[in-house]
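Structural features, examined
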Amino acid sequence: MSDTSPIPTASTVSAAPTDAPRPTWLQTLRVYLEPASLRMLTLGFSAGLPLLLVLGTLSFRLREAGIDRSTIGYLSWVGLAYGFKWAWAPLVDRMPLPLLTRWLGQRRSWLLLSQLVVAAGLVGMAVSDPRLALGPIIWCALAVAFGSATQDIALDAFRIESADADHQAALAASYQTGYRLAMIWAGAGVLWIAARAEVANPAASYQNGAWQTAYLVMAVSMLVGMLSSLLSKEPMPRDLDLEKKRLSASAAVFQEQGMRFTWPLAVAALGVAGLLGCMVRLAISTLPSVVPVGFGLLAIVGFVGLDQSWGRSALIRTPVHRAVAPALAWLHAAVFEPFADFVRRYRRQAALILALIAVYRISDVVMGIMANPFYVDMGYTKDEVAAVTKIYGVVMTLVGAFVGGVLSMRFGVMRILMLGAVLSAGSNLLFAWLAGHGHDVTALIAVVSADNLASGIASAAFIAYLSSLTNVSYSATQYALFSSLMLLLPKFIAGFSGRYVDGFGYAHFFTATALLGVPVLLLVWLASRVEIVGTDQK
């Protein structure tokens, strides 16, 4: 699955040309047949496969095995690995793997390693019997979740470095298609395999052998991603010897001059670190609103101070011991520089861009928390909800991703970003209408289809936009931070959704979530006036 297309430079990935002629419809559609798009289809399949196998499908298996609901609920915390992936993204971005990195390159080596971890974890889950002991299957599920989150980090970087900004929407659409197909395979497919592998025994409500067969098939299915990693071309090969020399030179500077920084930098770092801590806390429990708001204000003050060069005349200097200098040099390159690079490129506009990232999906996320309770309260059966959401919903999401990718390439990412924001907010009004319409499966199909179509369009454009903001020198770290930031505020607000529904009803709630999308339109308009800044750093 390799190709001979030229390797994109950092500047071509980060900044889309503004004077290029608009491609024809045929040229736009042909993008989906290019090697890069086909690679993302198979790698997206590999990324989407593990998620349900450690969450929804595993819950089904455990309940069938007689595990109580409380324990199953606690075990869903293994999915928190996906929310914490920004914590080890710098390692995936900068740390070479012995032997593998020199053979495959930085991105493909981490992809292959994470895929092997996922496959091994799935094998472990297959051979474990939850009726005998939960410990083994829990540890294997944790390994799968950690490997899957690591694969996401490496794959996002691989995708960003594989094409310029104009093609990111098409790659995102191909990725989402593969991802959704894998979720069908890991959801309905694994249940179908387990059912067919059962032996005739009316007395046995749970047959571990059937689940063993199903999970082993899922482990073998990871070969799709492994072969893609092995046969693909490293998008931007790195000179490991040159990077070692740079780290050595940086360590020497730290040892000689110590750490030097201004007070706005310290304040901005404290604010950003606090927001990251809030992400961790919100993934586990609730948090008073004043805490993330306070850290956000600190970050804003720090960024403004950096932009205005406050404190330049009074640098703070801290000596660095010789033994600590190499580690500090690595941390500076892997952790600090991704933040500093983004602020240097966008300066005061960085706050605007981060604000857009933080709220773009707010209508979808806040509304989505109450979607399933709404279906139950409206009297829809499990079969009706499953058929509508798993068939019509998935199909329309794939259609939306495809349409979003095509339109983004044809008309530009920012225009489709605005269209996605309008459609996402508008589709919530359809749920408000459905709340007053009553139980109607045909109406539910129409509303869910429209909502998922809008979500697919918005997601394709948003992924392309986030990809265009990253510097390929720090693509894994920066994208992991962006993708984590986009859920922080929406998830916090979503925590109050149940109380709002209790007080005002579903119709008012869905209307309110649509209104939450109005500020997003203003931010998209303002962000469209910000030039995407390229960089030639390697």
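Shown above is the structure to which this text applies.
Residues numbered from 1 in each chain as written. Predicted model: local features only at pLDDT ≥ 70, side-chain atom pairs only at ≥ 80, totals over all residues. Heavy atoms only, no water.

1. As for unusual backbone geometry
Put simply, the rule reads: What counts as a helix is a DSSP run of H or I of at least four residues, what counts as a strand is a run of E of at least two, and both are numbered from the N terminus. Three labels apply to residues, based on accessible area from a 1.4 Å probe with only protein chains included: buried if under 20% of the type maximum, exposed if over 50%, partly exposed otherwise in between.
Although it is not a glycine, Leu99 sits at a positive phi angle of roughly 70 degrees. Within the element layout of this structure, Leu99 appears in the loop between α6 (89-94) and α7 (100-104). We classify Leu99 as exposed; its relative accessible area is 76%.

2. What to know about the packing of aromatic side chains
Using the following cut-off: Each Phe, Tyr or Trp ring (for Trp, its six-membered ring) is paired with any other whose centre lies within 6.5 Å, and the angle between the two planes then decides the class: stacked below 30 degrees, edge-to-face above 60, tilted in between.
Evaluated as defined, the whole model comprises 17 aromatic pairs. Residues Tyr360 and Phe462 carry aromatic rings whose centres are separated by 4.6 Å and whose planes lie at 20 degrees to one another, so their mutual orientation is stacked. Pair noted here: Tyr360 is in the loop between α17 (349-359) and α18 (362-369) and Phe462 is in helix α22 (residues 441-469), with a separation of 102 residues, a long-range link. Residue Tyr360 is classed as buried on the basis of its relative accessible area of 5%. Accessibility expressed as a relative area gives 2% for Phe462, which makes it buried.

3. Remarks on helix α11 (residues 208-221)
The α-helix winds at 3.6 residues per turn, so residues separated by three or four positions along the chain end up facing the same way. Operational definition: Every helix has an expected span of 1.5 Å times one less than the residues it contains. Contacts are residue-level and defined by heavy atoms, with any inter-residue pair within 4.5 Å sufficient.
Taking 1.5 Å per residue as the helical rise, α11 with its 14 residues ought to reach 20 Å, and the 20 Å between its terminal C-alpha atoms agrees with that figure. All of the buried residues along α11 are Asn208, Ala210, Trp211, Ala214, Tyr215, Met218, Ala219 and Ser221. Where α11 is buried, its residues touch α3 (35-54), α4 (56-64), α8 (106-127), α10 (168-197) and α12 (223-231).

4. As for the pattern of salt bridges
The criterion, for reference: Only one rule defines a salt bridge in this text: a Lys or Arg side-chain nitrogen within 4 Å of an Asp or Glu carboxyl oxygen.
Inspection of the entire model under this criterion finds eight salt bridges. As a salt-bridge pair, Glu234 and Arg108 come within 3.8 Å of each other at their nearest N and O atoms. Linking Glu234 in the loop between α12 and α13 (240-257) with Arg108 in helix α8, this pair joins segments that are 126 residues apart in sequence. With its nearest N and O atoms 3.0 Å apart, the salt bridge here joins Asp341 to Arg345. Remark: Arg345 and Asp341 occur in helix α16 (residues 325-346); sequence separation between them is four residues, near one turn of the helix. When its relative accessible area of 11% is taken as the criterion, Arg345 is described as buried. Here the salt bridges share partners, and the residues they tie into one network are Asp93, Arg107 and Glu161.

5. Examining the packing of helix α21 (residues 413-437) against helix α26 (residues 518-527)
The following threshold applies: Axis geometry follows a simple rule: fit a line to the C-alpha atoms, using only the stretch in contact for helices, then measure angles between N-to-C directions, giving values from 0 to 180 degrees. Angles are sorted into four bins: roughly parallel if under 35 degrees, roughly antiparallel if over 145, roughly perpendicular if 65 to 115, and oblique for all others. All amino acids are sorted into three groups, where Ala, Val, Leu, Ile, Met, Phe, Trp, Tyr, Cys and Pro are nonpolar, Asp, Glu, Lys and Arg are charged, and the leftover types, Gly among them, are polar.
Where α21 contacts α26, the axes come no closer than 10 Å and their chain directions differ by 175 degrees. Classified by the angle their axes make, α21 and α26 are roughly antiparallel. Listed contacts from α26 to Met414, Leu417, Met418, Ala421 and Val422 of α21 are Val520, Leu521, Val524, Trp525 and Ala527. Partitioning the contact of α21 with α26 into residue classes produces 10 nonpolar, no polar and no charged.

6. Thoughts on the layout of surface pockets
Cut-off, in case you're wondering: In this analysis the probe radius is 1.4 Å and the grid spacing 1 Å, with only protein atoms considered; a cavity is a set of points the probe fits into but cannot get out of, a pocket is an open set with protein on both sides within 12 Å along at least five of seven lines, and lining residues have an atom within 4 Å of a point. Grid points are joined across faces, edges and corners, and a volume is the space filled by probe spheres set on the points.
A volume near 1,200 Å³ is recorded for the second largest pocket. Phe261, Leu265, His332, Phe336 and Ala340 are, among the 36 residues lining the second largest pocket, the residues nearest its centre. Of all elements in the fold, only α13, β1 (259-261), α14 (263-284), α15 (290-307) and α16 reach the threshold of two or more residues within the lining of the second largest pocket. The element best represented in the lining of the second largest pocket is α16, accounting for 10 residues. Its residues placed into classes, the lining of the second largest pocket shows 23 nonpolar, seven polar and six charged.

7. Examining the side chain of Asn208
Secondary-structure assignment places Asn208 in helix α11. If sequence neighbours within four positions are ignored, Asn208 has contacts with Arg61, Ala126, Ser128, Asp129, Pro130 and Arg131.

8. A look at the environment of Leu315
Relative to the elements of secondary structure, Leu315 occurs in the loop between α15 and β2 (316-318). In this structure the C-alpha to C-alpha distance between Leu315 and Arg260, which are 55 residues apart in sequence, comes to 6.2 Å. Setting aside its immediate chain neighbours within four residues, Leu315 contacts Phe261 and Thr262.

9. Considerations on a nonpolar patch on the surface
Let me state the cut-off plainly: What makes a patch is a set of residues exposed beyond 30% relative accessible area and free of salt bridges, joined within 9 Å when like-charged and within 5 Å when nonpolar (Val, Leu, Ile, Met, Phe, Trp, Tyr). Using the Shrake-Rupley algorithm and a 1.4 Å probe, accessible areas are obtained, with residue cover drawn only from the displayed protein chains.
On the surface, Trp263, Val293, Leu297, Ile300, Val301, Val304, Trp310 and Ile316 cluster together to form a nonpolar patch covering roughly 690 Å² of accessible area. Sorting elements by how many residues they give to the nonpolar patch places α15 first, with five residues. Mapped onto the elements, Trp310 comes out in the loop between α15 and β2. In this structure Trp310 comes out as partly exposed when scored by relative accessible area, which is 38%.

10. Considerations on empty space enclosed by the protein
A complete count under the given rule lists three cavities of 30 Å³ or more for this structure. The computed volume of the largest cavity comes to approximately 60 Å³. Looking at the largest cavity, the residues that line it are Val359, Tyr360, Arg361, Ile362, Ser363, Asp364, Gly420, Ala421, Ser424, Ala425, Gly517 and Val520. The element best represented in the lining of the largest cavity is α21, accounting for four residues. The residue makeup of the lining of the largest cavity, split by class, is six nonpolar, four polar and two charged. For the second largest cavity, the full set of lining residues is Leu58, Leu62, Leu75, Val78, Ile137, Ile138 and Ala141. Among the secondary structure elements, those contributing two or more residues to the lining of the second largest cavity are α4 and α9 (135-162).

11. Some remarks on the nonpolar core
In globular proteins that are soluble, nonpolar side chains generally tend to be buried together. Cut-off, in case you're wondering: The nonpolar core is taken to be a set of buried Ala, Val, Leu, Ile, Met, Phe, Trp, Tyr and Cys residues, with the residues joined through side-chain atoms within 4.5 Å.
Formed by 72 residues in total, the largest nonpolar core has its most connected members in Leu49, Leu53, Leu122, Met125, Leu155 and Tyr215. Broken down by element, this core gets its largest block of residues, 11 residues, from α9. Setting aside its immediate chain neighbours within four residues, Tyr215 contacts Leu53, Thr57, Leu58, Arg61, Leu122, Met125 and Ala126. Counting residues in hydrophobic clusters, the runner-up holds 61 residues, among them Ala172, Leu434, Ala458 and Val530.

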